[in-house]
Amino acid sequence: MKILVVDDERIVLDSCQKVLEADGFEVYLVPSANKALQAMKKEGFGLLLVDIKMPEHDGMYLMREVKKKWPDIPIIVMSGYPTTNTIEEAVKMQAAAFIAKPFTPDELLEIIRKVIQKEENHESKQSPSD
Amino acid sequence: MFYSTRSKLIASFLVVSFLVGAVSLFIGGQLLYKAVLSEATNRVRLDLNSAREIYLTRIKQLKCPLSITTLGFGFLSALKRHDAPELAIRLRRLAQQAELDFAGIVTKEGTTLCRMGPDSIPKEGIQAPNPIANLALKRRVATSGTVVLSEEFLSAEDPELADRARIQLLPTPRAAPRAEKEELSGMALAAAVPVFDKGDLLGVIYGGILLNRSQTIVDTVRDTVFQQEIYKGRSIGTATIFFKDLRISTNVLTPDGKRAIGTRVSKEVREHVLGKGKKWTDRAFVVSDWYITAYEPIEDIFGERVGMLYVGVLEAKYADMRTKALSVLVLIIVAGMLLAVGLGYILEKKIMSPVHRLIKAGHQVSEGSLTPEIGPISKGEIGVLQNTFQDMVAAMGRRRAAAENRLLQSEKQASVGRLAAGVAHEINNPLTGVLTYTHMLLRRKDIGDDIRSDLQTIVESTERVRKIVKGLLDFSRQTKLDQEPTEVNRLVRSTISVMENQALVKGVSIEFNPGENLPMLTLDRNQFQSMLLNIIINALDATEPGGSIRVSTGVSLSASNAGKKGVEIAIADTGCGIPQEDLDKLFDPFFSTKEVGQGTGLGLSVSFGIVQRHGGTIRVQSEVGRGSTFTIWLPVDERGGEHENIGS
Ligand SMILES: Nc1ncnc2c1ncn2[C@@H]1O[C@H](COP(=O)(O)OP(=O)(O)OP(=O)(O)O)[C@@H](O)[C@H]1O
Ligand SMILES: [Mg+2]
């Protein structure tokens, strides 16, 4: 599965790449919302991992844009400063999950697995009706 | 404002004392005057009696020498012989001894045989009538009394006597008008004794004293009755004998010091005494002064009112007595008023000085001082006022301290919050890197145990950092409360149950005393629970094995927000207690006495934030070595209606 990680911090991108690739995911890294949108036009991703606080366009903007064009792609929101407000907003944007930085590899993988599983369940429920 | 109280007090004192003084002065003056007047009038009345006695005694004294003369050796035979020269000698001797002004002998036919005067043996012819002798002849008994003597009689007796009797009428204000300019007749005291020889009336011997210009009687009255009492150079007492309304014998003096012979009595007195024959006692203006006077009529031997006897006491003495008494009274009143002023001043000082001090203290308080000088506490209401004032200031101080404390706390929280947010955000990204890379390294199978243990240490330290940052974030977060109606007791019980195991392990007992009939509270259960947990954990940390933690709930009124109803949750431990100097810092973020790595010092500051956001307060009471009690007070939301927590 292809996962797109969006964060303005190099170390976060690298960390995610290390963890996810070790677990067999195909990982794409972009440092901004715009780059992310460009990348999404080229590739089809199974999951987005997005940081909220970024210069220029923030994670919320990106989520809105993504939901417009690719409403089915699940998005996991990351934040180093998780306030109730940001979490609430993320939920409103129909983020699939929320993860607070810092996290351990296990924590990240657990959340990603949960999301994927939920997504699969969702699809399998929906498929008969298609 | 101060002065008006003082002047009001003094003025009211003054008014009262003035009124009392004026009334007592008026009444006292009046009473005093009446008393003095009646006293004086009584005295004068008595004096008049004495004067009358003297007057009558003098009359009686006339008869005696006359009678004795008739008994004298050879008198009878001389009279029988009508031996005028012999009798005249005897008469002269008699007159000299008895101090008579006139004396004579009348034959039984009524003609004067002889008299003591210069024309001692009258020639035959018409004689002036002799009222006293005639009366004695008629009555044939010794007769005495007052008689009016005509000018002719007097000049026949002795021309000098007639001269003495002649009195010029002086113009007197208020006297009844009289036509004549002169009084020629005289008034006399006279006696006549009939002389018998074996039952045959031989004649009458008569004698008397002319009252006109005589001084003896009036002066005797003055000297015996009034005992020559002198007042301001004048004798107090005066006596006068009036002939009709004319002063003929007196020691009342005119302003130039002469006896006031020739002046007359006022018309009023004349009518009353001479006219109606009554006594008169009253205040009267006599010649030139006011006197307290008494008059009574004098009747002559025929029972006619011919004159008056008067005594009078100078009113000036009594008036002065009254003035003296009144001035003493005035003095007392003035002294009273002065006393009132003084008393008012002192009282005002005594009463108002604590009030002034209170006013000053009030100014001090309004200028920010919380330790105003009130001065010594007085007794009574003022003292109550002072105590109340002090209590009020103390309460203000407490409330202000609490408010300042809250303000400081929330300022601290806000600034630390901003800092924490920035720091957390910056730190959490690299922390993600550290955590990820160390964990990835730990996954590798090709590392030695020593490296693995080092990596483990990195992970642990990083976890600590993460915890601290998380705590910072919790602390700084002004998260919205997710409130719902909550049964406090249930929430507390469930929180305690979380801790029960841990406490059991440590050997500390936890008990819960739920209060009854607690109202429902609207709370963010998660935040509230974490707050409670933190405080209970702190208590558990502070308490040695064998100690206890008691949690209790109850309805209570706010300590700082007077009268506001709320619910209190108290967590009391028997732990180590908190030193006084730490109490202030307790709620500061990062204040911890625990070992490094054990406590971040954020627990209580976060708890404080949570309670504060619920509108409540946290109080701490602690004694080192005995334990601490944390009391959380939460307001009851009265708008939302209270739900009684039945069956808790
Ligand atoms: N019940 C108590 N008895 C004695 N001391 C206490 C009690 N509660 C708190 N303290 C003192 O207050 C300090 C601050 O407490 P606070 O909960 O804020 O931080 P902490 O417990 O040290 O760390 P943290 O709660 O963040 O792990 C504690 O370190 C302790 O010294
Ligand atoms: Mg604590």
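Below, the structure is looked at part by part. Keep in mind that this is a model prediction, so the values were computed, not measured.

## Re the overall build of chain B
Turning to step 1, where the next piece is worked out: A tally of regular secondary structure across chain B gives 15 helices and 21 strands.
Turning to step 2, where the next piece is worked out: When each of the 648 residues of chain B is scored for burial, the buried share is 44%.
Turning to step 3, where the next piece is worked out: Counted over contacts in chain B with a minimum sequence separation of 6, partners at least 24 positions apart contribute 68%.
Turning to step 4, where the next piece is worked out: Only carbon and sulfur atoms are counted for the fraction: they give 57% of the accessible area of chain B, which is about 33,500 Å².

## What to know about unusual backbone geometry
Turning to step 1, where the next piece is worked out: Here the bond from Lys-101 of chain A into Pro-102 of chain A is cis, since omega is -5°, no more than 30 degrees from zero.
Turning to step 2, where the next piece is worked out: Looking at the element boundaries, Pro-102 of chain A is found in the loop between strand E5 (97-100) and helix H5 (105-126).
Turning to step 3, where the next piece is worked out: A positive phi is found at Asn-517 of chain B, a non-glycine position, where the angle reads about 55°.
Turning to step 4, where the next piece is worked out: Mapped onto the fold, Asn-517 of chain B is located in the loop between strand E16 (509-513) and strand E17 (521-524).
Turning to step 5, where the next piece is worked out: Among the residues examined, Asn-517 of chain B registers a relative accessible area of 51% and is labelled exposed.

## Points about the site of ligand 1
All names here are of chain B.
Turning to step 1, where the next piece is worked out: In the vicinity of ligand 1 lie 21 residues, with Asn-538, Ser-592, Thr-593, Lys-594 and Thr-600 positioned nearest.
Turning to step 2, where the next piece is worked out: At 2.6 Å from an oxygen atom of ligand 1 is found a side-chain nitrogen or oxygen belonging to Ser-592.
Turning to step 3, where the next piece is worked out: A distance of 3.1 Å separates an oxygen atom of ligand 1 from a polar backbone atom of Gly-601.
Turning to step 4, where the next piece is worked out: Burial of ligand 1 by the protein chains amounts to 91% of its free accessible area of 590 Å².
Turning to step 5, where the next piece is worked out: Structurally, ligand 1 is housed in the largest pocket.

## Some thoughts on the packing of aromatic side chains
All names here are of chain A.
Turning to step 1, where the next piece is worked out: Within the structure shown, the criterion is met by 8 aromatic pairs over all chains.
Turning to step 2, where the next piece is worked out: Note on Tyr-28 and Phe-45: the rings are 5.1 Å apart at their centroids and 75° apart in plane angle, and the pair reads as edge-to-face. You can see Tyr-28 sitting in strand E2 (residues 26-30) and its partner Phe-45 sitting in the loop between helix H2 (33-42) and strand E3 (47-51), a full 17 residues away along the chain.
Turning to step 3, where the next piece is worked out: Tyr-28 sits in the partly exposed class, given a relative accessible area of 26%.

## Points about the side chain of Asp-219 of chain B
Residue and element names in this part refer to chain B.
Turning to step 1, where the next piece is worked out: If you trace the backbone, Asp-219 turns up in helix H7 (residues 216-225).
Turning to step 2, where the next piece is worked out: Since its relative accessible area comes to 11%, Asp-219 is described here as buried.
Turning to step 3, where the next piece is worked out: Once you skip the residues sitting within four places of it in the chain, Asp-219 turns out to touch Asn-251 and Arg-259.

## Re the interface of chain A and chain B
Turning to step 1, where the next piece is worked out: Contact with chain A, which involves 25 residues of that partner, is made by 21 residues of chain B.
Turning to step 2, where the next piece is worked out: Regarding the contact of chain A and chain B, the summed buried area is about 2,100 Å², with carbon and sulfur atoms giving 61% of it.
Turning to step 3, where the next piece is worked out: Salt-bridge contacts for Arg-466 of chain B lead to Glu-107 of chain A; the nearest nitrogen and oxygen are separated by 2.8 Å.
Turning to step 4, where the next piece is worked out: Linking chain A with chain B are 6 residue pairs in polar contact (both at pLDDT 80 or more), by the criterion used here.

## Comments concerning the coordination of the magnesium ion (ligand 2)
Residue and element names in this part refer to chain B.
Turning to step 1, where the next piece is worked out: The protein atoms donating to the magnesium ion (ligand 2) are Asn-534 (OD1) and Asn-538 (OD1), with metal-donor distances spanning 2.2 to 2.8 Å. On the criterion of helical spacing, the pair formed by Asn-534 and Asn-538 is a turn pair, its members being 4 residues apart in helix H13 (residues 525-542).
Turning to step 2, where the next piece is worked out: The class for Asn-534 is buried, based on a relative accessible area of 16%.

## Considering the sheet that holds strand E6 (residues 186-197) of chain B
All names here are of chain B.
Turning to step 1, where the next piece is worked out: Taken together, 5 strands build an open sheet; the order of strands is E2-E1-E7-E6-E3 and the sheet is antiparallel. With partners counted over all chains shown, the strands left at the sheet margins are strand E2 (112-115) and strand E3 (143-149), one partner each. Going across the sheet, the axis of each strand differs from the next one's by a mean of 25°, ignoring polarity.
Turning to step 2, where the next piece is worked out: Summarising the sheet, E6 and strand E7 (residues 200-210) pair through 10 bridges and their orientation is antiparallel. Residue pairing in the sheet places Ala-190 in a bridge with Gly-208 of E7.
Turning to step 3, where the next piece is worked out: Here helix H3 (residues 84-98) sits on the sheet and contacts strand E1 (102-107), E2 and E7; the angle it forms with E2, its principal contact strand, is near 50°.

## Examining the layout of surface pockets
All names here are of chain B.
Turning to step 1, where the next piece is worked out: Empty space within the largest pocket amounts to approximately 1,100 Å³.
Turning to step 2, where the next piece is worked out: Lining the largest pocket are 37 residues; nearest its centre among them are Asn-534, Asn-538, Lys-594, Gly-599 and Gly-603.
Turning to step 3, where the next piece is worked out: Broken down by secondary-structure element, the contributors of at least two residues to the lining of the largest pocket are helix H11 (449-476), H13, helix H15 (603-613) and strand E21 (627-635).
Turning to step 4, where the next piece is worked out: Top contributing element to the lining of the largest pocket by residue count: H13, with 9 residues.
Turning to step 5, where the next piece is worked out: Each residue belonging to the lining of the largest pocket can be placed in one class, and the counts come to 15 nonpolar, 15 polar and 7 charged.
Turning to step 6, where the next piece is worked out: Looking at which domains feed residues into the lining of the largest pocket, each of domain 2 (383-478) and domain 3 (481-647) supplies at least three.

## Looking at the side chain of Thr-41 of chain B
Turning to step 1, where the next piece is worked out: Looking at where Thr-41 of chain B falls in the secondary structure, it is placed in helix H1 (residues 2-71).
Turning to step 2, where the next piece is worked out: Excluding anything up to four places from it in sequence, Thr-41 of chain B contacts Thr-281 and Ile-292 of chain B.

## Topic: helix H1 (residues 10-22) of chain A
Residues spaced three or four apart along an α-helix face the same direction, because each turn holds 3.6 residues.
Residue and element names in this part refer to chain A.
Turning to step 1, where the next piece is worked out: Across its 13 residues, H1 extends 18 Å between first and last C-alpha, which sits within 8% of the 18 Å expected from 1.5 Å per residue.
Turning to step 2, where the next piece is worked out: If you check which residues of H1 are buried, you get Val-12, Leu-13, Ser-15, Cys-16, Val-19 and Leu-20. All buried residues of H1 lie within an arc of 165° about the axis, which places them on one face of the element. Residues of H1 that are exposed and point over 90 degrees away from its buried face: Arg-10 and Ala-22.
Turning to step 3, where the next piece is worked out: Gly-24, located one to two residues past H1, shows a positive phi value of around 95°.

## Focus: the pattern of salt bridges
Residues and elements named next belong to chain B.
Turning to step 1, where the next piece is worked out: Counted according to the given criterion, the structure contains 41 salt bridges over all chains.
Turning to step 2, where the next piece is worked out: The partner of Asp-83 in a salt bridge is Arg-81, and the shortest N-O contact between them spans 2.8 Å.
Turning to step 3, where the next piece is worked out: Take Arg-81: its relative accessible area is 51%, and that puts it in the exposed class.
Turning to step 4, where the next piece is worked out: With a shortest N-O distance of 3.8 Å, Lys-108 and Glu-109 are connected by a salt bridge.
Turning to step 5, where the next piece is worked out: Given the relative accessible area of 56%, Glu-109 is considered exposed.
Turning to step 6, where the next piece is worked out: One salt-bridge network, in which partners are shared between bridges, spans Arg-178, Glu-180, Glu-183, Lys-244, Asp-245, Arg-264 and Arg-270.

## Observations concerning the nonpolar core
Turning to step 1, where the next piece is worked out: Counting residues in hydrophobic clusters, the biggest one holds 73 residues, and the most contacted among them are Tyr-55, Ile-241 and Tyr-295 of chain B.
Turning to step 2, where the next piece is worked out: Ranked by the residues each element gives to this core, the list is headed by H1 of chain B, at 10 residues.

## Details of a negative patch on the surface
Turning to step 1, where the next piece is worked out: Among the surface-exposed residues, Glu-88 and Glu-89 of chain A together with Asp-482 and Glu-484 of chain B lie close enough to one another that they form a single negatively charged patch.
Turning to step 2, where the next piece is worked out: For Glu-88 of chain A, the position within the fold is in helix H4 (residues 84-92).

## So, H2 of chain A
All names here are of chain A.
Turning to step 1, where the next piece is worked out: Where H2 is concerned, the buried positions are Ala-33, Ala-36, Leu-37, Ala-39 and Met-40. Projected onto a plane normal to the axis of H2, the buried residues spread over an arc of 165° and lie on a single side. Turned more than 90 degrees off the buried face of H2, the exposed positions are Lys-41 and Lys-42.
Turning to step 2, where the next piece is worked out: Those residues of H2 that are buried are in contact with strand E1 (2-6), E2, E3 and helix H3 (59-69).

Cut-offs applied
- Residues numbered from 1 in each chain as written.
- Chains lettered and ligands numbered in written order.
- Predicted model: local features only at pLDDT ≥ 70, side-chain atom pairs only at ≥ 80, totals over all residues.
- Heavy atoms only, no water.
- Helix = DSSP H or I, 4+ residues; strand = E, 2+ residues; numbered from the N terminus.
- Buried < 20%, exposed > 50% of the residue type's maximum accessible area, 1.4 Å probe, protein only.
- Contact = heavy atoms within 4.5 Å.
- Areas by Shrake-Rupley, 256 points an atom, 1.4 Å probe, with all protein chains shown as cover.
- Near = heavy atom within 4 Å.
- Polar contact = N/O pair within 3.5 Å; in protein donor to acceptor, adjacent residues only side chain to side chain.
- 1 Å grid on protein atoms, 1.4 Å probe; cavity = no way out; pocket = protein on both sides within 12 Å on 5 of 7 lines; lining within 4 Å.
- Sits in = over half its atoms within 2 Å of the grid points.
- Phe/Tyr/Trp six-rings, centres within 6.5 Å; stacked < 30°, edge-to-face > 60°.
- Buried area = accessible area lost by both parts, 1.4 Å probe.
- Salt bridge = Lys/Arg side-chain N within 4 Å of Asp/Glu carboxyl O.
- Donors = N, O, S within 2.8 Å, 3.2 Å for Na, K, Ca; no water.
- Pairing = 2+ DSSP bridges.
- Axes fitted to C-alpha atoms, helices over the stretch in contact; angles between N-to-C directions.
- Points joined across faces, edges and corners; volume = space filled by probe spheres on them.
- Nonpolar A, V, L, I, M, F, W, Y, C, P; charged D, E, K, R; others polar.
- Domains from an automatic or database assignment.
- Expected span 1.5 Å × (residues − 1).
- Arc of directions from axis to C-beta.
- Core = buried A, V, L, I, M, F, W, Y, C linked by side-chain atoms within 4.5 Å.
- Patch = residues over 30% accessible without salt bridge, like charges linked within 9 Å, V, L, I, M, F, W, Y side chains within 5 Å.
- Lys, Arg positive; Asp, Glu negative; His and termini not counted.
- Charge placed at Lys NZ, Arg CZ, Asp CG, Glu CD.

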